[in-house]
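Reading the structure
Residue-level listing of the chains:
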Amino acid sequence: MNTSPDSGWFTEVFDSQGSAFALKVTDKLHEVQSDYQHLEVYATESFGNLLVLDGCVMLTDRDNFLYHEMIAHPALFTHADPKRVVIIGGGDCGTLREVLRHPGVERVTQIDIDEEVTRAAERFFPTLTEANDDPRAELAFTDGVRWVDEAEAGSVDVLIIDSTDPVGPAEGLFTTDFLRRCHRILRPGGVMVQQSESPLYHSGSIIRELRRDMGEAGFGSVATLPFPQPVYPSGWWSVTLAGKGCDVNDFREGDAREAGLPLDYYTAEVHRGALALPPFMRRAFG
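Below is a summary of the structure that appears in this document.

Each helix and strand in the chain was counted, giving nine helices and 13 strands. Radius of gyration (C-alpha) of the chain: 18 Å, near the 19 Å computed for a compact globule of 286 residues. Buried residues in the chain amount to 57% of all 286 residues. Nonlocal contacts in the chain, meaning residues at least 24 apart in sequence, comprise 64% of its contacts between residues at least 6 apart. Of the roughly 11600 Å² that the chain leaves accessible, carbon and sulfur atoms contribute 48%. A distance of 6 Å separates the average location of the 25 positive side-chain charges in the chain from that of its 45 negative side-chain charges.

For R101, the position within the fold is in the loop between α2 (94–99) and β8 (107–111). As a C-alpha pair, R101 and P262 span 161 residues in sequence and 8.6 Å in three-dimensional space. In contact with R101, other than residues within four places in its own chain, are H73, L261, P262 and L263.

Pairing in this open sheet of seven strands is mixed, and the strands run β9-β8-β7-β10-β11-β13-β12 from one edge to the other. The open sheet has two edge strands, β9 (137–140) and β12 (221–228), and neither has a second partner. Between one strand axis and the next, the sheet turns by 15° as a mean value, whatever way the strands run. Bridge count for β8 against β9 is four bridges, and the pairing is parallel. Within the sheet, the bridge partner assigned to Q110 lies in β9 and is L139. Lying over the sheet, helix α5 (residues 176–185) contacts β10 (156–162), β11 (186–195) and β13 (236–244), oriented at roughly 140° with respect to β11. Contacts from helix α6 (residues 199–216) reach β11, β12 and β13, with the element oriented near 10° to β13.

Our focus in this paragraph is unusual backbone geometry. Here C93, not a glycine, exhibits a phi torsion of approximately 75°, which is positive. Looking at the element boundaries, C93 is found in the loop between β7 (84–89) and α2. A positive phi angle, close to 70°, is found at E197, a residue other than glycine. Mapped onto the elements, E197 comes out in the loop between β11 and α6.

Judged by nonpolar contacts, the single largest core of 46 residues is most densely connected at V85, V99, V108, I160, L225 and L241. Considering every element that reaches this core, the biggest residue donor is helix α1 (residues 64–78), with seven residues. Not counting residues within four places of it along the chain, the set of residues in contact with V108 comprises R84, V85, I87, L96, V99, L100, R136, A137 and E138. Grouped together as the second largest cluster of nonpolar side chains are 23 residues, L186, M192, L210 and F219 included.

This paragraph deals with the pairing of strand β5 (residues 49–53). Among the five residues that make up β5, five are buried, leaving the element largely enclosed by the rest of the structure. Residues N49, L51 and L53 line one face of β5 and the alternating positions L50 and V52 line the opposite face, and both faces are buried. Bridge analysis of strand β4 (residues 38–44) against β5 gives five bridges, and the strand direction is antiparallel. The residue bridging E40 from the neighbouring strand is V52, located in β5. Taking the residues between adjacent antiparallel strands as the criterion, β4 and β5 are bridged by four residues, where G48 takes a positive phi near 70°. Relative to strand β6 (residues 56–60), β5 runs antiparallel, the two sharing four bridges. Note that in β6 the partner of L53 across the bridge is C56.

Among the residues making up helix α3 (residues 115–124), those that are buried are V117, T118, A120, A121 and F124. An end-on view of α3 places all buried positions within 160° of arc, on one side of the element. Lining the buried residues of α3 we find β3 (19–33), β4, β5, β8 and β9.

Here is what the cut-offs are and how they apply
Residues numbered from 1 in each chain as written. Predicted model: local features only at pLDDT ≥ 70, side-chain atom pairs only at ≥ 80, totals over all residues. Heavy atoms only, no water. Helix = DSSP H or I, 4+ residues; strand = E, 2+ residues; numbered from the N terminus. Rg over C-alpha atoms; globule rule 2.2 N^0.38 Å. Buried < 20%, exposed > 50% of the residue type's maximum accessible area, 1.4 Å probe, protein only. Contact = heavy atoms within 4.5 Å. Areas by Shrake-Rupley, 256 points an atom, 1.4 Å probe, with all protein chains shown as cover. Lys, Arg positive; Asp, Glu negative; His and termini not counted. Charge placed at Lys NZ, Arg CZ, Asp CG, Glu CD. Pairing = 2+ DSSP bridges. Axes fitted to C-alpha atoms, helices over the stretch in contact; angles between N-to-C directions. Core = buried A, V, L, I, M, F, W, Y, C linked by side-chain atoms within 4.5 Å. Arc of directions from axis to C-beta.

Structure below.
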């Protein structure tokens, strides 16, 4: 839940953990109730614009690069030669932009059920949508689970699940059944990556269960990469990779070093370091 920004602060409260995060806001820029969720955009004093969905912070201008770079580049540099990429969710288009920084990628399809998110991003987060006109990009506003069901088997190299928390519209993206469907559409050597919540709050629950479910769905290797994310619960977040016939605990380190991409967080060294999990996470995973 969140408290009213009428006080000059937007505060998201995490009752289950007895914690909260707040940003000082200066204006409400946009509000709409879509067919799927309640969307708000605020101007903040120190984090730029803020996007909120159903009362939960989704991104800010100041720190979104952390999430978008870490959900995209580790997966792309883990795959041997990614050509065909699909993003489920990601309506703000920041992940799409990061994927399209890779010149070897030939086609990217982004599937988000809520077009209102993309339209808001175009207005209030234009740097995130600057690659939307790339001829390699396709935006589809439909149900991601249905899209995966209808996709051809073995047709995708990298599948990115850039979803909100596992409630509401995104709940169906955190099930073993859905992961099996994802495994089906990946080519041999394919990689999928899913945002996997807070290492501090969720290592023994959501992350452990996702890793287990990925194995049950047929993926032969799994790796969870933590990274800082100030505006998310606990200030720490993670993505979890799974490989179909490849080891996601290894990556094209030389290519990552030499790529020369204009990034603010991801490097080959960051990727290698993120693979070295702290003891409490390893214990939580069993």
